[in-house]
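Fold and contact review
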Amino acid sequence: MSSEGGEDRWVFGYGSLMWRPGFPFIDRRTAVLHGRRRAFCIYSVHHRGTYERPGLVLGLAPGGSVRGMAYRVAAAEWEGVYAYLREREQPTETYFETWREVKVDGGDKAPALVFLSDMKHSQWAGDLTLEQQAALIAGAVGLSGPNIDYLRDLVMHLHEDGVRDHAMEKLLKMVEAREAA
């Protein structure tokens, strides 16, 4: 992907990209992507789990809508930002890149780079119930630490950004209860 045309580009984040983008941007706004929802639907065998005891990380599962953050990246920065995002988001190719229209706060609609869950990938966990998600997250630990920390970060940062995700809040309570038992 190149920056031919010299236009700024948008990137949509629904998980850690919301609070830790790690790239330069010229605008950051709350945005909604329709047709996908935030879910713990990707097995994590490195960062938040192991092959013996997989954890879960976020993906965008089909259905619903998701409120996240859209970042506008200057055309001059795009090549570097895109390379960074590929390295960060695609270490095991569990996502595929696409351009989807997002509704950015302020009423604008814009095409944004989105990393969608690859449902054909071996790490696709599928449409798990909250109970199944809680069972996998509770006690899972990988190179980046306990899986519950990832979930706590998500819920905390969503609150800070004024985004309420009742399913994630309920999931956190369920995992905390399991880990306390």
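Here, the structure is the one placed above.
What comes next is a walk through the structure. (Residues numbered from 1 in each chain as written. Predicted model: local features only at pLDDT ≥ 70, side-chain atom pairs only at ≥ 80, totals over all residues. Heavy atoms only, no water.)

Moving on, we come to the pattern of salt bridges. Overall, the coordinates contain 12 salt bridges when judged by the stated rule. For R29, the salt bridge goes to D108, with nearest N and O atoms at 3.3 Å. Of this pair, R29 sits in strand 2 (residues 27-44) while D108 sits in the loop between strand 4 (95-104) and strand 5 (109-117), and the two are 79 residues apart along the sequence. In this structure D108 comes out as partly exposed when scored by relative accessible area, which is 39%. In the salt-bridge network here, residues are joined through shared partners; they are D27, R29 and D108. (Salt bridge = Lys/Arg side-chain N within 4 Å of Asp/Glu carboxyl O. Helix = DSSP H or I, 4+ residues; strand = E, 2+ residues; numbered from the N terminus. Buried < 20%, exposed > 50% of the residue type's maximum accessible area, 1.4 Å probe, protein only.)

Here the focus is the packing of aromatic side chains. With the rule as written, the count across this model stands at 7 aromatic pairs. Consider the rings of F25 and Y71, whose centres lie 4.8 Å apart with planes at 65 degrees: the pair is edge-to-face. On the criterion of sequence distance, the pair formed by F25 in the loop between helix 1 (16-19) and strand 2 and Y71 in strand 3 (residues 55-73) is long-range, its members being 46 residues apart. Judged by its relative accessible area of 34%, F25 falls in the partly exposed class. Ring geometry for W78 against W99: centres 5.9 Å apart, planes inclined by 45 degrees, an arrangement best described as tilted. (Phe/Tyr/Trp six-rings, centres within 6.5 Å; stacked < 30°, edge-to-face > 60°.)

Spatial ordering of the closed barrel is given by 1-3-2-4-5, a layout of 5 strands whose pairing is mixed. Taking each pair of neighbouring strands and ignoring which way they run, the sheet shows an average axis angle of 35 degrees. With 5 bridges joining them, strand 1 (residues 9-13) and strand 3 adopt antiparallel strand pairing. Within strand 3, the residue paired with G13 across the bridge is M69. Across the sheet, helix 2 (residues 78-89) is in contact with strand 1, strand 3, strand 4 and strand 5; its angle to strand 5 comes to roughly 25 degrees. (Pairing = 2+ DSSP bridges. Axes fitted to C-alpha atoms, helices over the stretch in contact; angles between N-to-C directions. Contact = heavy atoms within 4.5 Å.)

This paragraph deals with the nonpolar core. F12, F40 and L151 are the most contacted members of the largest nonpolar core, which totals 55 residues. Take this core: its biggest share by element is 10 residues, from strand 3. The residues contacting L151, other than those within four sequence positions of it, are F40, I137, M168, L171, L172 and V175. (Core = buried A, V, L, I, M, F, W, Y, C linked by side-chain atoms within 4.5 Å.)

Attention shifts here to helix 2. An ideal rise of 1.5 Å per residue puts 16 Å on 12 residues; helix 2 measures up with 16 Å between its terminal C-alpha atoms. When helix 2 is considered as a whole, its buried residues turn out to be W78, V81, Y82, L85, R88 and E89. Down the axis of helix 2, the buried side of the element spans an arc of 130 degrees, and every buried residue falls inside it. Where the residues of helix 2 are buried, they touch strand 1, helix 1, strand 3, strand 4 and strand 5. (Expected span 1.5 Å × (residues − 1). Arc of directions from axis to C-beta.)

Turning to the side chain of S44, a few remarks are in order. Mapped onto the elements of the fold, S44 is located in strand 2. Ignoring anything within four residues of it in the chain, the contact list for S44 reads G49, T50, P54, G55, L56, V57 and Q123.

Relative to strand 3, strand 2 runs antiparallel, the two being bridged by 16 bridges. Among the inter-strand pairings, D27 is bridged to a residue of strand 3, identified as R72.

Its location among the elements puts L158 in helix 4 (residues 147-160). Take L158: its relative accessible area is 2%, and that puts it in the buried class. Along the primary structure L158 and M18 are separated by 140 residues, whereas in three dimensions their C-alpha atoms are 8.2 Å apart. Residues within four places of L158 in sequence aside, it is in contact with M18, R38, V163 and D165.

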